[in-house]
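Listed here are the chains, written in short residue letters.
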Amino acid sequence: MTAIPPPPAHAVERPRLRSRLDATLNAPLSVVVAPAGSGKTVLLSQWAASHADVRVIWIALEPADSDPRHLLDHLLSAVLPPGRGTKDLGRPHAVNARAFGRPVLESLIGVFREHPPVVLVVDDLHHLAGSPLLPDLWWLADNVPEHTHLIFSSRIDYGLGWGRHRLSHSLIELRQSDLALDEAASAMLLERIIGAPVSPRTLAAVMERTEGWAAGVVLTGLGLRSEADPEHFASELRGTDRLISEYLSEQALAQQPSARRSLLLRLSALDRMSAELVESVLPVDDATSLFEELERESMFLVALDRNREWFRFHPMFRELLRYRLKAEHPGAANEIRTAAADWHLARGDAPSAIEYLLEAGSWERAATVISARGRDVLERNDTVSVSRWLDALPGEFRATRPDVEILRGMLLMMNGDAARAEDVLREQADRPALAPGRSAIIHTYLAARVQFRPDPLVALQAAESAAAVIRRHPELHPPDLLGLTHPHLLRTSSLTSAGRALFLAGDLAAARRRFDDALVEPGAQYSLYRIHILGSLALLEAWAGRLRLAAAFSEEALDLAAETRLLAHPSPADAFLAAALASIERATPSSAAAPLHEGALRAAANHRTQLMWIAHLERILSEGGPVDPTDRLPSTPPPIVAVALEAEEARALRLAHASNGALRHPTAGRWSALAFEATAAALTHNRPDLARAHLDAVSPEPPETMPRARVEQLVLRAWLDARELGTAAGAEAMHRALELASQHDLVAVFVRAGPEVMRLIADLPGTSTPFRASVRERASLLRRARASSPALAEQLTDRELEILAFLPTRMTNIELAARCYVSPNTIKTHMAHIYRKLSVPNRNSAVARAQDLGLL
């Protein structure tokens, strides 16, 4: 949060505009849009000062606020009362997408709802130009509670979402024409700056040239202070606004004593200034008094925090100062920036130091500081910033420093820019006399492509190459890059990538061995890597049908992520998707909604397309409808997902009793969902001979490690025996299928088989077991839920359905939040949405209504 900037001493009152802004208190959104120097900030600060009874919070945006984590911290520190610290909303998940994401926005609305009425002024919104954060801010404006009001101030007319507010909320808008000073206001402003009234002719000349542009009037007044013939000075103003601005700024500088003018030029080299920093890098004894003097003299100084410890110059003024500094004192700016970098480094602020070193062209030092960053870069999801710094280094500089280029390739891969990462890393791999340590790093991170690009076998080859290098060189000493290149960590990472490649290729047994090996490596003690491995193993076990084991691995990964504050990091994506897949295989798709949402969000955060495909498949499986061939991601699915998607299309045709012209002939190979559908289609179309050929073409899957596949084979054997020999003949195989499935809570396999298999289960002789009854009950519930069309004006989202499923349990909001890995505020927000959509006042009524609609 930034301190509300006090109006300059020479500022003139604008009662008419303040009166228009009063309507802000009755509307969710007001906008002030005008060019730089139009007086937006002055007007808003005057309005805030005139409402001492209103809680006004001021946020002055900077370019760094295009980082969603930075802006979220800004918003929270502004809204929360002093001394309350920060609040964990679940951090923003999108990194490359650079947005908050709906869960964080909904939680933020909850924070607004819990705190007193407030007017939130977001100044300098133009710093978010082109940012995906802009739609998030429009969404906030659409959804803030009635006691919360937003004012957006910007140089750019974005227009997004404002038309809706004009119609629904009588949007308050102030624009350039509204803010332009009239003659009376301009005359008063000039008199206050100059210290004497101006003549009508001088005023007319000023108005003609500036057209009431506030900064132009101010700059003119500063120039007129030292002019013997002010009328001539004003009348001679010609040229474009930019040239006028530069000329008037020069006049403002010219009246300064030589020492003060020189100091201003040097101060401009600093992006942000504190008294301690200025006193350290420039010959200034009392920077605090200096800042006070510059503010009194209206020298375009802006306070950046409520304690008035940090300041900056107005950007236009700073640009002019820097231009003059470069012309008059070549090299001075770089000396100052280098000193500022040293100052920030001494205080542990490496990011600010790196920015200064890059501005100063100190490439070697910048590269050294960047390379010295630790694992926190990965853990805090700051890889995009570090990658940007490396990209700022000249290409010819990087070309002679392989470690810098290798680090750049690593970061590009982490950010999901896999194609560029491969180009960079393969170019380094082709260097002559490549050291083994660098080779191990390069191939380890080439293997990481498995998460981002198709063809998992390419990644597997890279992983095996990395392992071979490490095995051949037991005394390997790779360069230390981000603390991630110790041989233990490289081996753990390459084993994990190999496991993922084998899993995506469909070889679950080999993948499991790689994951098991990775877990016992010393590098697996690194929490972030362990979360990745456990999540990948959980996903594999859920796919294989060992749901209880999958749940245990997933829970361990998510607990570790929560313990190490990595729950909002992309790393738990696999664990969330594993939990969702386990719920789907238990035939409780509503319980899959929340983890599926969370997993998909984290997979998309750094464009892990192969995991996004798994989320896409899970969404199809949980909805249970036909596959829409046009609903696909813009990339190639991994083999295991491609087969599953084809199987879902085949299942829809089978259950619709489509023509048997599409029947498949058996082929030898691994059992798969497509093999199941081919066999089931043969039985549906009364081709037991073809069904038997399909079953005989593959070996029985081991029930200990691949229970889902074995259950599928037993179900088909039972169906085949019943078709050929009568219902009773299939009972033995069906009993075995149910017994094995009960050990792993596998229910969906029977539901997906279709109504004929459910009839066989219903006709089984003997006393029904609890699991058999559960299979029939869940199949019936799913049929009713999917067949019914609830009479709701607004359908519940997947996440709301997930919360709804827990309402009969009487779990508290805190318990629900822990169960769903979200904040209690998020639960409260969803509960309010559920009550509204179901048109009920409380929890008991929501349960009853949901049961009537077949949602529970």
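Worth saying up front: this structure is predicted, and the values here are computed from it rather than measured.

Asker: Teacher, can you tell me more about the overall build of the chain here?
Answerer: Scanning the chain for helices and strands turns up 45 helices and eight strands. Across the chain, the fraction of contacts at a sequence separation of at least 24, relative to all contacts at a separation of at least 6, is 70%. When the accessible surface of the chain is split by element, carbon and sulfur atoms take 52% of a total near 35,500 Å².

Asker: What am I meant to see in helix H8 (residues 183–194) here?
Answerer: Side chains three or four residues apart in an α-helix point the same way, a direct result of the helix having 3.6 residues per turn. Look at H8: 16 Å from first C-alpha to last across 12 residues, which is about the 16 Å you get at 1.5 Å a residue. Turning to H8, its buried residues number three or more, namely Ala 185, Ser 186, Leu 189, Leu 190 and Ile 193. One side of H8 carries all its buried residues, which in axial view fall inside an arc of 130°. Measuring from the backbone nitrogen of Ala 184 back to the side-chain oxygen at the start of H8 gives 3.3 Å, which picks out Asp 182 as the cap.

Asker: Help me understand the sheet that holds strand E8 (residues 310–313) in this model?
Answerer: Whenever strands of a sheet pair, they do so through backbone hydrogen bonds, lying parallel or antiparallel. The three strands lie next to each other as E6-E8-E7, forming an open sheet whose pairing is antiparallel. The open sheet has two edge strands, strand E6 (273–274) and strand E7 (301–303), and neither has a second partner. Here E6 pairs with E8 via two bridges, running antiparallel. Note that in E8 the partner of Ser 274 across the bridge is Trp 310.

Asker: Honestly, the packing of aromatic side chains in this entry has me stumped. Any pointers?
Answerer: How two aromatic rings sit relative to each other is set out by the distance from centre to centre and by the angle between their planes. Using the criterion set out here, one finds five aromatic pairs in the structure. On the basis of an interplanar angle of 50° and a centroid distance of 5.5 Å, the ring pair of Trp 138 and Phe 152 is categorised as tilted. Taken together, the residues Trp 138 in helix H5 (residues 133–143) and Phe 152 in strand E4 (residues 148–154) connect sequence positions 14 residues apart. The pair formed by Trp 138 and Phe 152 is uniform in burial state, with each residue classed as buried. The ring of Trp 310 carries the charged tip of Arg 272 above its face, separated from the ring centre by 4.5 Å. In this arrangement the basic side chain of Arg 375 is found over the ring face of Tyr 526, its NZ or CZ atom lying 4.4 Å from the centre.

Asker: For this particular structure, what's the right way to read the sheet that holds strand E3 (residues 118–123)?
Answerer: If you walk across this open sheet you meet the five strands as E2-E3-E4-E1-E5, and the pairing is parallel. Edge positions in the sheet fall to strand E2 (56–60) and strand E5 (172–175), since each has one partner strand and no second. Taken pair by pair, the neighbouring strands of this sheet meet at an average axis angle of 15°, ignoring direction. Looking at chain direction, E2 and E3 are connected through five bridges and run parallel. Residue Ile 57 lies in a different strand from E3, and its bridge partner there is Leu 120.

Asker: Help me understand the side chain of Ser 622 in this model?
Answerer: Mapped onto the fold, Ser 622 is located in helix H33 (residues 609–623). By relative accessible area, which is 13% here, Ser 622 ends up buried. Polar side-chain contacts of Ser 622 include one of 2.9 Å to the backbone oxygen of Arg 619.

Asker: Sorry if this is basic, but what is going on with the nonpolar core here?
Answerer: Nonpolar side chains in soluble globular proteins tend to end up buried together. One finds Leu 267, Phe 503, Met 734 and Phe 750 to be the most contacted residues of the largest nonpolar core, which totals 205 residues. With 12 residues, helix H29 (residues 527–544) is the single largest residue contributor to this core. Setting aside residues up to four positions removed in sequence, Leu 267 forms contacts with Met 273, Val 278, Leu 282, Leu 290, Leu 294 and Phe 313. Of all hydrophobic cores here, the second largest spans 36 residues; its members include Leu 61, Leu 75, Phe 112 and Leu 120.

Asker: Just checking my understanding: could you explain empty space enclosed by the protein for this structure?
Answerer: A probe matching the size of a water molecule, rolled over the atoms, marks out where space remains unfilled. With the rule as written, the count across this model stands at three cavities of 30 Å³ or more. Forming the boundary of the largest cavity are 25 residues, of which Leu 378, Met 414, Gln 451, Tyr 529 and His 532 lie nearest the centre. For the lining of the largest cavity, the secondary structure elements donating two or more residues are helix H23 (402–414), helix H27 (487–505) and H29. Here the element with the most residues in the lining of the largest cavity is H27; it accounts for five residues. Grouping the constituent residues of the lining of the largest cavity by class yields 11 nonpolar, 12 polar and two charged. Looking at the second largest cavity, its volume works out to about 130 Å³. Lining the second largest cavity are 13 residues, and of these Gln 451, Arg 500, Leu 504, Asp 574 and Leu 611 lie nearest its centre. Where the lining of the second largest cavity is concerned, the elements lending two or more residues are H27, H29 and H33. A class-by-class count of the residues in the lining of the second largest cavity yields seven nonpolar, three polar and three charged.

Asker: Quick question: what am I supposed to make of the pairing of E4 here?
Answerer: With seven of seven residues buried, E4 is to be regarded as a mostly interior element. Every second residue of E4 is oriented toward a common face, with Thr 148, Leu 150, Phe 152 and Ser 154 on one face and His 149, Ile 151 and Ser 153 on the other, all of them buried. In the sheet, strand E1 (residues 29–33) pairs with E4 via five bridges, with the strands oriented parallel. Residue Leu 29 lies in a different strand from E4, and its bridge partner there is Leu 150. Examined bridge by bridge, E3 and E4 share five bridges and lie parallel to one another. Pairing of Val 119 across the sheet is with His 149, part of E4. For the crossover from E3 across H5 to E4, the handedness is right-handed.

Each value, and the rule that gives it
Residues numbered from 1 in each chain as written. Predicted model: local features only at pLDDT ≥ 70, side-chain atom pairs only at ≥ 80, totals over all residues. Heavy atoms only, no water. Helix = DSSP H or I, 4+ residues; strand = E, 2+ residues; numbered from the N terminus. Contact = heavy atoms within 4.5 Å. Areas by Shrake-Rupley, 256 points an atom, 1.4 Å probe, with all protein chains shown as cover. Expected span 1.5 Å × (residues − 1). Buried < 20%, exposed > 50% of the residue type's maximum accessible area, 1.4 Å probe, protein only. Arc of directions from axis to C-beta. Polar contact = N/O pair within 3.5 Å; in protein donor to acceptor, adjacent residues only side chain to side chain. Pairing = 2+ DSSP bridges. Phe/Tyr/Trp six-rings, centres within 6.5 Å; stacked < 30°, edge-to-face > 60°. Lys NZ or Arg CZ within 6 Å of the ring centre and 35° of its normal. Axes fitted to C-alpha atoms, helices over the stretch in contact; angles between N-to-C directions. Core = buried A, V, L, I, M, F, W, Y, C linked by side-chain atoms within 4.5 Å. 1 Å grid on protein atoms, 1.4 Å probe; cavity = no way out; pocket = protein on both sides within 12 Å on 5 of 7 lines; lining within 4 Å. Points joined across faces, edges and corners; volume = space filled by probe spheres on them. Nonpolar A, V, L, I, M, F, W, Y, C, P; charged D, E, K, R; others polar. Right-handed = clockwise from strand over helix to strand, strands pointing away.

Note that every value here comes from positions in space, so none of it alone points to a role or purpose.
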